[in-house]
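# Examination of the molecular architecture
The lines below spell out each chain.
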Amino acid sequence: MSNEAKKLKEELLEEIRACHFAITDSSLFLDTHPGNRKAMRYYKNQCEKLKELEDKYQEMFEPLCITSPCNRLKWVEGAWPWEGSDE
Amino acid sequence: MWTYNKFLQYPIKIKEKDPRLARIIISQYGGPDGELSASLRYLSQRFGMPDSTSKAVLNDIGTEELAHLEIVGTLVHQLTDGVSIKEIEKAGLKPYYTDYGVDVFPVSAAGVPWNASYIACKNDPIANLQEDLAAEQKARAVYEKLIDLCRDNVDVVDVLRYLRQREIVHFQRFDETLDNIHERLAQKKIFVNNKEFTMPNKEIKIIEDKD
Ligand SMILES: [Fe+2]
């Protein structure tokens, strides 16, 4: 992978991580504040954004979840999250 | 059910390996107030909860704790992966190394293997949620001790601070859940001591009903 592609991959994954976290946190907030419309709007926006980001990442690089058929062989080949390697 | 997301909830790239830190951080993997205890506590308690808010909160926080278990395991792994036998000896890890090598095994900092008696399920929403509130505070306190002890390793401290912060958020959500139950109890919308539920033994129930 070129340095440029590596950088893009890393940046995209960081965006996905941030977005996923925003969903985790706002969703937990909505569990106990079901009537909060601002939180609901935020949560929905983040869900849409995550889907776009994940589709892009999985098509370009590797699957993040076994429910994505893109680049299936890289599920096994790619580095695992705990390894923290540069590839 | 669960499906795995192939990324960490918080990024971890430890530049300086240090098995001495792994030796204490492991407590948040398999110690009394660690993430394994947290996840199993909440995911087990959720089955007996009487209302939809507490089921959702326990399910969702229990799920997040599994992601934290992975984060702590990753810290331990990256702090010990590929270190020399000499470093392991210097870190006082000889007993751990003898039993587990540099695998990540659920034990406390004192070397006690994980035990289910760290958690409680009382089939009582108030008792359970009070336990959960205490558990979040205890986990926060442990992270603060770890932050003190790991102060020289910025990469490690950064992750520990994140985990500490999440304990505070979880405490807040559990507190709201408990308030919600108290409110519903006052309105008699749910019954904590539902004897059909908590006392399946009919004879006891009849005696109780007589008073
Ligand atoms: Fe927690």
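Scoring rules and cut-offs
Numbers given for residues are sequential positions, taken from 1 along each chain in its written order. Ligands are numbered from 1 and chains lettered from A, in the order in which they are written. This being a predicted model, a pLDDT of at least 70 is required before a residue's local features are given, and a value of 80 or more before pairs of side-chain atoms are given or counted; all residues contribute to the totals for chains, interfaces and linings. No hydrogens and no water enter the side-chain calculation; it runs on all heavy atoms of the structure. Only heavy atoms matter for contacts: two residues are in contact if any of them lie within 4.5 Å across the pair. Note: buried area is the sum, over both parts, of the accessible area (probe 1.4 Å) each one loses when the two are combined. Basic side-chain nitrogens of Lys or Arg form a salt bridge, by our definition, when they fall within 4 Å of a carboxyl oxygen of Asp or Glu. The rule for donors is simple: N, O or S, within 2.8 Å of the metal, or within 3.2 Å if the metal is Na, K or Ca. Water isn't counted, so a site may look like it is missing partners. Accessibility here uses a 1.4 Å probe with only protein chains present; expressed as a share of the type maximum, an area under 20% marks a residue as buried, one over 50% as exposed, and anything in between as partly exposed. Note on conventions: DSSP H or I runs of at least 4 residues are helices, E runs of at least 2 residues are strands, and numbering of each starts at the N terminus. For this analysis, a polar contact is any N or O atom pair within 3.5 Å, provided that within protein one partner can donate a hydrogen and the other can accept it, and provided that sequence-adjacent residues contribute only side-chain to side-chain pairs. Definition used in this section: a nonpolar core is a set of buried Ala, Val, Leu, Ile, Met, Phe, Trp, Tyr and Cys residues joined via side-chain atoms within 4.5 Å. Axis geometry follows a simple rule: fit a line to the C-alpha atoms, using only the stretch in contact for helices, then measure angles between N-to-C directions, giving values from 0 to 180 degrees. By the definition adopted for this analysis, an angle is roughly parallel if under 35 degrees, roughly antiparallel if over 145, roughly perpendicular if from 65 to 115, and oblique otherwise. Here a crossing is taken to be left-handed if its near helix is turned anticlockwise relative to the far helix by less than a right angle, and right-handed if that turn runs clockwise. For this classification, the nonpolar set comprises Ala, Val, Leu, Ile, Met, Phe, Trp, Tyr, Cys and Pro, the charged set comprises Asp, Glu, Lys and Arg, and every other residue, Gly included, is treated as polar. Every residue carries a pLDDT, the predictor's confidence in it, which falls somewhere between 0 and 100.

## Details of the interface of chain B and chain A
- The interface is formed by 28 residues belonging to chain B together with 31 residues belonging to chain A.
- A buried area of about 2,300 Å², summed over both sides, lies between chain B and chain A, and 60% of it is on carbon and sulfur atoms.
- When the area that chain B buries against chain A is broken down by residue, the three leading residues are B:Lys6, B:Phe7 and B:Arg173, summing to 32%.
- If you look at where chain B meets chain A, you find one salt bridge.
- Across the pair A:Asp25 and B:Arg166 runs a salt bridge whose closest N-O atoms are separated by 2.9 Å.

## Some thoughts on the coordination of the iron ion
- Only B:Glu65 (OE), B:Glu136 (OE), B:Glu136 (OE), B:Glu167 (OE) and B:His170 (ND1) from the protein coordinate the iron ion, and they sit 2.1 to 2.7 Å from it.
- Assessed through its relative accessible area of 0%, B:Glu65 is described here as buried.

## A look at the pattern of salt bridges
Residues and elements named next belong to chain A.
- What the rule picks out here adds up to twelve salt bridges over all chains.
- Ionic pairing is found between Lys7 and Glu11, a salt bridge with its closest N-O pair at 3.5 Å. Taken together, the positions of Lys7 and Glu11, both in helix 1 (residues 3–32) and four residues apart, correspond to about one turn of that helix.
- Among the residues examined, Lys7 registers a relative accessible area of 54% and is labelled exposed.
- Overall, Glu11 belongs to the partly exposed group, its relative accessible area being 42%.

## Description of the environment of B:Tyr29
Residues and elements named next belong to chain B.
- Positionally, Tyr29 belongs in helix 2 (residues 27–30).
- Given the relative accessible area of 18%, Tyr29 is considered buried.
- Sequence separation between Tyr29 and Glu70 is 41 residues, and the spatial gap between their C-alpha atoms is 8.5 Å.
- Leaving out residues up to four positions away in the same chain, Tyr29 has contacts with Glu35, Leu36, Leu69, Val72, Gly73, Val104, Phe105 and Pro106.

## What about the side chain of B:Arg166?
- Within the secondary structure, B:Arg166 is located in helix 8 (residues 154–186).
- Looking at B:Arg166, the relative accessible area reads 3%, which means it is buried.
- At 2.9 Å, the side chain of B:Arg166 and the side chain of A:Asp25 are in polar contact.
- Excluding its chain neighbours within four sequence positions, the residues that come into contact with B:Arg166 are A:Phe21, A:Asp25, A:Leu28, B:Glu64 and B:His68.

## Details of the nonpolar core
All names here are of chain B.
- Counting 32 residues, the largest nonpolar core has Ile25, Val156 and Leu160 as the members making the most contacts within it.
- For this core, the elements supplying multiple residues, two or more each, are helix 1 (19–25), helix 4 (52–80), helix 7 (125–149) and helix 8.
- If near-sequence neighbours (up to four positions away) are discounted, Val156 is found in contact with Ile14, Leu21, Ile25, Leu79 and Cys150.
- With 13 residues, the next largest nonpolar core counts Tyr42, Leu58, Leu133 and Phe174 among its residues.

## Concerning the packing of helix 3 (residues 35–45) of chain B against helix 7 of chain B
All names here are of chain B.
- Relative orientation of the contacting elements helix 3 and helix 7 amounts to 165°, with a least axis distance of 11 Å. The orientation of helix 3 relative to helix 7 falls into the category roughly antiparallel. Relative to helix 7, the crossing made by helix 3 is left-handed. On the side of helix 3, the interface is formed by Glu35, Arg41, Tyr42 and Gln45, while helix 7 contributes Asn128, Glu131, Asp132, Ala135, Glu136 and Tyr143.
- For the contact of helix 3 with helix 7, the class distribution of residues is three nonpolar, two polar and five charged.

## Some thoughts on helix 3 of chain B
All names here are of chain B.
- Burial analysis of helix 3 places nine of its eleven residues in the buried class, which makes it a mostly covered element.
- Taken residue by residue, helix 3 has Glu35, Leu36, Ser37, Ala38, Ser39, Arg41, Tyr42, Leu43 and Gln45 as its buried positions.
- In this fold, the buried residues of helix 3 make contact with helix 2, helix 4, helix 7 and helix 8.

## Some words on the confidence of the model for chain B
All names here are of chain B.
- Across chain B, pLDDT averages 92, with 90% of residues at or above 70.
- Scored below 50 in pLDDT, residues 202–211 makes seven contacts in the model with residues more than four places away or belonging to other chains.
- The ipTM for the predicted assembly is 0.95, set against a pTM of 0.92.

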